[in-house]
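Close look at the chain arrangement
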Amino acid sequence: MQFGIFSVGDVTEDPTTGKAPSEAERIDSMTRLALKAEEVGLDVFATGEHHNPPFVVSSPTTHLGYIAAKTEKLLLSTSTTLITTNDPVKIAEDYAFLQHLSGGRVDLMMGRGNTGPVYPWFGKDIRDGIKLAVENYHLLRKLWREPVVNWQGQFRTPLQGYTSTPAPLDGTPPFVWHGSIRSTEIAEQAAYYGDGFFHNHIFWNKEHTEAMVRLYRRRFEHYGHGAADQAYVGLGGQVFMAGSEAEAKRVFRPYFDNAPVYGHGPSLEDFTEMTPLTVGTPEQVIERTLGFADYVGDYQRQLFLVDHAGLPTSLVLEQVEMLGTEVVPVLRKEFERRRPAHVPSDPPTHASMVAAGPDAPFHLVEPALERVKEMQAAAAKVDA
C-alpha cells in the first residue's frame, strides 16, 4: 500500500505569530516536506494546482521536476491537475517530460479544482466543468496512446496529424487518478477507463465517502476491469499529532480556528467527530485510519494533509517524521494483514505497467469500449 503526503500550497498567516511566509519560503517549505517524506520512508508526495492567491502551486511539473532531481524513490504526483482549464495537449507534454526526468516516478490526479474564477482566467466557462473534464481527458488518453492524433471536439481547435512530444517513457503513460469530492460523473469516468478514484476525504462525513467509493467500485466491475473490490481507491486524510491528545488539540486549535477553509465554523471537537480529521496521538491516528477500510473497503493509497492553515515548517516536519516512523509502519502491516489475496496492495506503477506489456488494456484509449465489443462478438458466436 502507498502512503504519502499532499499539499495545497496555501500561504496563510500563522495565527500564533501574526506572520505569513513569503511565497519563496512557502515553496521552499513544500520542497523540504517532500525530501523529508522520502527520508522517513513515505512513498508519495503530491502537490496541488492553483492559479490564485493565497496559493503558490501554479506550476506543478516545474516543482516536481526539481524534487525529482533531489530524490531517488519518491513517487511524484498531484493533488489535482486541472483537467478542465489546462490544455490536454500541454498536460500530455509536461507530464511525459516529467516521466523522463524522474525515471517514471510519476502519476497524476485529474480534477476540476475548487476555485471558480479560474475558468474565465483560462477562457473557459465553469458551467461546462463536467463536460470539459470528460472531453479533455479523453483527448489526453489519445495523445498518450496514439502516435498520430486526428481529433475534433467541442472545446478546442481540432488536431490534424498531431504527435505529442516527448512520447511517454517506455511507451507507457502515467497512471491516472480521478479526484472528486461530490461529482458522481467523475467516479463514473474513473470506472469507465479503469483508472483510480481518489476521494479527498477531508471535509465530508464517512457516509458520503462510502457512497462515492461504492459507486466507483460497482461501475469499475460493470465495465469489465475486475471485481469491485479490486478497483483502485485512494483517500486523503488530515491529521495533527502530539504526545497526548490534549497537547495535540492545544497546539493545533489556533490553526484550526483560523484556517481559511473551515475556520470560524464548527468547533475542533465537532469537526473531528463529523469528518476524518484526527487530532491526537500517533496511536489515535493509526486507529482512525485503519477504520477507513471498514467503509470504503481495502484500498491502495493513503495521503495525509499536514501543512496548511499557517502551520510553521518546523512543526510540519515533525508531523512527517511521526508519520514515517510511528504511524505508517503500523498501517502498512495492519492493512496488509487484513487484505484478501486477490485485492491489489498497490495501484499500478510505471514498472508494473511496463511489465504488463504493450497489449495490456491500460494501453487502449477506451478499454471499456473494447470489452463491450468482445462481449458482443462472443454473444454473436453463441447465437450463430
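Here's what I pulled together on the structure shown here. Just so you know, these numbers come straight off a predicted model, no measurement behind them.

**Remarks on the environment of Val316**
As for its placement among the helices and strands, Val316 is situated in helix H12 (residues 313–338). Owing to a relative accessible area of 2%, Val316 belongs among the buried residues under this scheme. Put simply, Val316 and Glu269 are 47 residues apart on the chain and 21 Å apart in space, counted from C-alpha to C-alpha. The residues contacting Val316, other than those within four sequence positions of it, are Leu33, Val306, Asp307 and Leu311.

**Let's talk about a nonpolar patch on the surface**
A contiguous nonpolar patch, built from Phe203, Trp204 and Val261 and spanning about 290 Å² of accessible area, is present on the exposed surface. Along the polypeptide, Phe203 turns up in the loop between strand E9 (196–199) and helix H7 (206–222).

**Notes on the pattern of salt bridges**
Tallying each qualifying case throughout the model produces 21 salt bridges. The partner of Arg26 in a salt bridge is Asp307, with the nearest N and O atoms 3.0 Å apart. Pair noted here: Arg26 is in helix H1 (residues 23–39) and Asp307 is in the loop between strand E13 (301–305) and H12, with a separation of 281 residues, a long-range link. As far as the burial class goes, Arg26 and Asp307 line up, both buried. Between Arg332 and Asp43 there is a salt bridge, with the nearest N and O atoms lying 3.0 Å from each other. Of the two residues, Arg332 is situated in helix H12 and Asp43 in the loop between H1 and strand E2 (44–47); the sequence distance between them amounts to 289 residues. Counted as one network, the salt bridges with shared partners bring together Asp10, Arg26 and Asp307.

**As for the side chain of Gln99**
Inspection of the secondary structure assignment puts Gln99 in helix H3 (residues 88–102). In this view, Gln99 contacts Gly104, Val106, Pro168, Leu169, Thr172, Pro173, Pro174 and His350; residues no more than four positions away in its chain are not counted.

**Some thoughts on the environment of Leu139**
Following the sequence through the fold, Leu139 ends up in helix H5 (residues 129–145). Taking relative accessible area as the criterion, Leu139 reaches 0% and is therefore assigned buried. In this structure, the C-alpha to C-alpha distance between Leu139 and Leu82, residues 57 residues apart in sequence, is 14 Å. Contact partners of Leu139, with chain neighbours within four places excluded, come to Pro88, Val149, Trp151, Arg156 and Leu159.

**Here we look at the nonpolar core**
The biggest cluster of nonpolar side chains holds 104 residues, and the ones touching the most others in it are Ile5, Tyr216, Phe252 and Tyr299. The greatest single-element share of this core, amounting to ten residues, is contributed by H12. Non-local contacts of Phe252, meaning those with residues more than four positions away in its chain, are made with Phe240, Tyr262, Leu268, Leu277, Val279, His308 and Leu311. By size, the runner-up hydrophobic cluster in this structure holds five residues, among which are Leu82, Val118, Tyr119 and Leu132.

**Describing the pairing of strand E8 (residues 175–179)**
Taking burial as the measure, the five residues of E8 include five buried ones, the bulk of the element. A two-sided burial pattern is seen for E8, the buried positions comprising Phe175, Trp177 and Gly179 on one face and Val176 and His178 on the other. Judged from the three bridges that link them, E8 and E9 form a sheet pairing that is parallel. Each residue of the ladder has a partner; that of His178, found in E9, is Phe197. Handedness of the β-α-β unit built from E8, helix H6 (residues 184–193) and E9 comes out right-handed.

**Digging into unusual backbone geometry**
Cis peptide bonds are those with omega within 30 degrees of zero, and the linkage from Pro53 to Pro54 qualifies with 10°. As for its position among the elements, Pro54 is in the loop between E2 and helix H2 (60–70). One non-glycine residue, Ala309, lies in positive phi territory at about 65°. On the secondary structure map, Ala309 appears in the loop between E13 and H12.

Rules behind the numbers
- Residues numbered from 1 in each chain as written.
- Predicted model: local features only at pLDDT ≥ 70, side-chain atom pairs only at ≥ 80, totals over all residues.
- Heavy atoms only, no water.
- Helix = DSSP H or I, 4+ residues; strand = E, 2+ residues; numbered from the N terminus.
- Buried < 20%, exposed > 50% of the residue type's maximum accessible area, 1.4 Å probe, protein only.
- Contact = heavy atoms within 4.5 Å.
- Patch = residues over 30% accessible without salt bridge, like charges linked within 9 Å, V, L, I, M, F, W, Y side chains within 5 Å.
- Areas by Shrake-Rupley, 256 points an atom, 1.4 Å probe, with all protein chains shown as cover.
- Salt bridge = Lys/Arg side-chain N within 4 Å of Asp/Glu carboxyl O.
- Core = buried A, V, L, I, M, F, W, Y, C linked by side-chain atoms within 4.5 Å.
- Pairing = 2+ DSSP bridges.
- Right-handed = clockwise from strand over helix to strand, strands pointing away.

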